[in-house]
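Observations on the model geometry
Okay, here's what each chain looks like letter by letter:
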Amino acid sequence: MSSPSKDQENPLRDHMVKNSHTNSWSLPKTMICFIVLVSLPYVFYSLILLYSSDTPNHEPVIRIHRQHSRNKVLVPTNVPSSDDTEDKTSLKHVVFGIGASSSTWEHRRNYIRTWWRPNVTRGHVWLDKPVKNSSIDHLLPPIKVSGDTSKFQYKNPIGTRDAIRISRIVSESFRLGLKDVRWFVMGDDDTVFFLDNLARVLSKYDHNEYYYIGYPSESHLQNLAFYYAMGFGGGGFAISYALAKALEKIQDECLHRNPSLYGSDERIFACMMELGVPLTKHPGFHQLDIYGDLSGILMAHPVAPLLSLHHLDLIEPVFPKMDRVKAVKRLMVPMKLDSAGLIQQSICYDKTRSWTVSVSWGYAVQIYRGIIAAKEMSVPARTFIDWNFGDEDVYFSFNTRPISTNPCQKPFVYYLSNALFNLNLNRTASEYIRHQESNSDCDWKIADPSRIKRIEVYKKPDPHLWDKPPRRNCCRILPTKKKGTMVVDVGVCREGEIAGL
């Protein structure tokens, strides 16, 4: 700050001397008032700052500056971090790599049509060689042919060399240099993904860290033959961008070190172990190494979002007496209305008629005679057999319960026939029709559920279901005058509400 010049000082000094006798008190008073007036704002502002810094009731004002380094900065919980301001992970950040064969493509592509969303989902089908008319169907992912793998040895006596090329799909997808990618998801051409649930799950993880997310097989023997810590490829697994980048750098050498392995997922697992990255398990991925009727699993699904179904060519149709692909399409109807709630189980009781009711929303409803505890109803019934044709509980990697031979203990099963959304009431209405099986030989003195021909279920969509701690929804039997109909309400459990009597 510059000082005033002498020429500027003299007039003021002369004026003060000249009037020193007549205004000896007026000038000092004027100067003092001026100084006080000028000083007051500074004193007041300083007091405000001092008071604010000492008072806990005032939130601190913090400015967060972006750093060029990647080091994370700790900030108070009441101030959003820079990560929170970024777009939440969604389908646009996910690239799918679908392992397929030219010999099965004509048929299995129909499964992909049921879940692929043109202009929304990203990714490619990777084939062993080109197929005819591969560029015509815009309802399918674009096709790419896998790179040459002749330099790699394959020494497994019972597998095929396709395992090598399929294991490299994530690395080949990474090398495409696609923009704004956070996750690479692997699956087979007979895998069906439930996209919105998958995006919800992946959004909970940091794609800048190393994550390998999947689930082992339902078959105990399959897990022993391979690994309980391996994500099975048909059920699908997700690899974060950071991990895919690391995998791409070391995978070819990793494959050279492991020529005797069987499948593609086992080769990926071997490379994950070299990188030191364990499997983050999510029970929504379903390898389905089983044969027979899938309903036991879907009617008592874990309290977790449904992410995938595999081996749809080898198990019975999801809905009985339907074409396999058409059955998957029917399951996609409620998925579009409330994907978070799809096949989630709710358990309730009809006290007056002594019935146990289990709702697998969007899929099926069961009515059992008698009161069955929720801990038993939440265990899948063995409507299926193991990959190695075992039908006892020791063959499975999860708890199962046997199907009773007593006709009184067999459930009455009602499968989804339709589902609609009422915009005015903001709720779904789904209808379930009884599957044609006779349970008329029961001699119990309990009301006969065979009088119920159809079940109506009402439920409000809850897209934030999996943002909360996991808990089953509750269901309530509602009064109705409709003949041969049961009406059920499904929703978030109320205060004090439980699945029990």
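Residues numbered from 1 in each chain as written. Predicted model: local features only at pLDDT ≥ 70, side-chain atom pairs only at ≥ 80, totals over all residues. Heavy atoms only, no water.

Quick word on the pairing of strand S16 (residues 427-434)
- Burial of the side chains of S16 is restricted to one face: Thr 428, Ser 430, Tyr 432 and Arg 434 are buried, whereas none of Arg 427, Ala 429, Glu 431 and Ile 433 on the reverse face is.
- Here 8 bridges tie strand S15 (residues 412-422) to S16, and the two strands are oriented antiparallel to one another. Opposite Phe 421, over in S16, you have Thr 428 as the bridge partner.
- In sequence, S15 turns back onto S16 through a hairpin of 4 residues, with Asn 426 there showing a positive phi of about 50°.
- Relative to strand S17 (residues 454-459), S16 runs antiparallel, the two sharing 6 bridges. (Buried < 20%, exposed > 50% of the residue type's maximum accessible area, 1.4 Å probe, protein only. Helix = DSSP H or I, 4+ residues; strand = E, 2+ residues; numbered from the N terminus. Pairing = 2+ DSSP bridges.)

Considering a nonpolar patch on the surface
- Residues Leu 221, Leu 224 and Tyr 228 make up a contiguous nonpolar surface patch of roughly 260 Å² in combined accessible area.
- Of note, Tyr 228 is situated in the loop between helix H7 (220-225) and strand S7 (237-240). (Patch = residues over 30% accessible without salt bridge, like charges linked within 9 Å, V, L, I, M, F, W, Y side chains within 5 Å. Areas by Shrake-Rupley, 256 points an atom, 1.4 Å probe, with all protein chains shown as cover. Salt bridge = Lys/Arg side-chain N within 4 Å of Asp/Glu carboxyl O.)

Concerning the pairing of strand S19 (residues 485-491)
- In terms of residue burial, S19 counts as a mostly covered element, since 7 of its 7 residues are buried.
- Taking every second residue as pointing to the same face, both faces of S19 are buried, with Thr 485, Val 487, Asp 489 and Gly 491 on one and Met 486, Val 488 and Val 490 on the other.
- From the end of strand S18 (residues 474-478) to the start of S19, which pair antiparallel, there are 6 residues, and Gly 484 there has a positive phi angle of about 70°.

Some words on the sheet that holds S19
- Strand order in the open sheet formed by 8 strands is S11-S12-S13-S15-S16-S17-S19-S18, with mixed pairing between adjacent strands. The outermost strands of the open sheet, each flanked by one partner alone, are strand S11 (345-350) and S18. Adjacent strand axes in the sheet meet at a mean angle of 25° when their direction is disregarded.
- Relative to S19, S18 runs antiparallel, the two sharing 5 bridges. Across the sheet, residue Cys 474 finds its bridge partner in S19, namely Gly 491.
- Where helix H11 (residues 324-337) meets the sheet, it contacts S15 and S16, and its direction lies at approximately 45° from that of S15. (Axes fitted to C-alpha atoms, helices over the stretch in contact; angles between N-to-C directions. Contact = heavy atoms within 4.5 Å.)

Re the layout of surface pockets
- In this structure, the second largest pocket occupies an estimated 850 Å³ of space.
- Every residue lining the second largest pocket is counted, 36 residues in all, and those nearest its centre are Ile 166, Asp 188, Tyr 262, Gly 263 and Ser 264.
- Where the lining of the second largest pocket is concerned, the elements lending two or more residues are helix H4 (162-167), strand S4 (183-188) and helix H9 (264-275).
- The residue inventory of the lining of the second largest pocket, partitioned by class, reads 13 nonpolar, 15 polar and 8 charged. (1 Å grid on protein atoms, 1.4 Å probe; cavity = no way out; pocket = protein on both sides within 12 Å on 5 of 7 lines; lining within 4 Å. Points joined across faces, edges and corners; volume = space filled by probe spheres on them. Nonpolar A, V, L, I, M, F, W, Y, C, P; charged D, E, K, R; others polar.)

Notes on the packing of aromatic side chains
- This model, assessed by the stated rule, comprises 22 aromatic pairs.
- Between Trp 115 and Phe 193, the ring centres sit 5.2 Å apart and the planes meet at 75°, which makes this aromatic pair edge-to-face. Pair noted here: Trp 115 is in helix H3 (residues 105-115) and Phe 193 is in strand S5 (residues 192-193), with a separation of 78 residues, a long-range link.
- Residue Phe 193 is classed as buried on the basis of its relative accessible area, which comes to 1%.
- Aromatic pair Phe 184 and Tyr 241: ring centres 6.3 Å apart, planes at 20°, arrangement stacked. Here Phe 184 is found in strand S4, whereas its partner Tyr 241 is found in helix H8 (residues 241-257), with 57 residues between them in sequence.
- Ring-pair connections join several aromatic residues into one group, and the members of that group are Phe 96, Trp 115, Trp 116 and Phe 193.
- In this structure, Arg 330 is placed above the aromatic ring of Phe 319, and the distance from its NZ or CZ to the ring centre is 5.7 Å.
- Across from the ring centre of Trp 361, 5.6 Å away, lies the NZ or CZ of Lys 459, which sits over that ring. (Phe/Tyr/Trp six-rings, centres within 6.5 Å; stacked < 30°, edge-to-face > 60°. Lys NZ or Arg CZ within 6 Å of the ring centre and 35° of its normal.)

A closer look at the environment of Ser 354
- Relative to the assigned elements, Ser 354 resides in the loop between S11 and strand S12 (355-360).
- For the pair Ser 354 and Ile 372, spaced 18 residues apart in sequence, the C-alpha separation works out to 9.7 Å.
- Ignoring anything within four residues of it in the chain, the contact list for Ser 354 reads Tyr 368, Arg 369, Gly 370, Ile 371 and Ile 446.

Description of the state of the cysteines
- As enumerated under the stated definition, the model contains 4 disulfides in all.
- Here Cys 348 connects covalently by a disulfide to Cys 475, the sulfurs 2.2 Å from one another. An S-S torsion of about -110° defines the bridge between Cys 348 and Cys 475 as left-handed. In this pair, Cys 348 is assigned in strand S11 and Cys 475 in strand S18, connecting sequence segments 127 residues apart. (Disulfide = S-S within 2.5 Å.)

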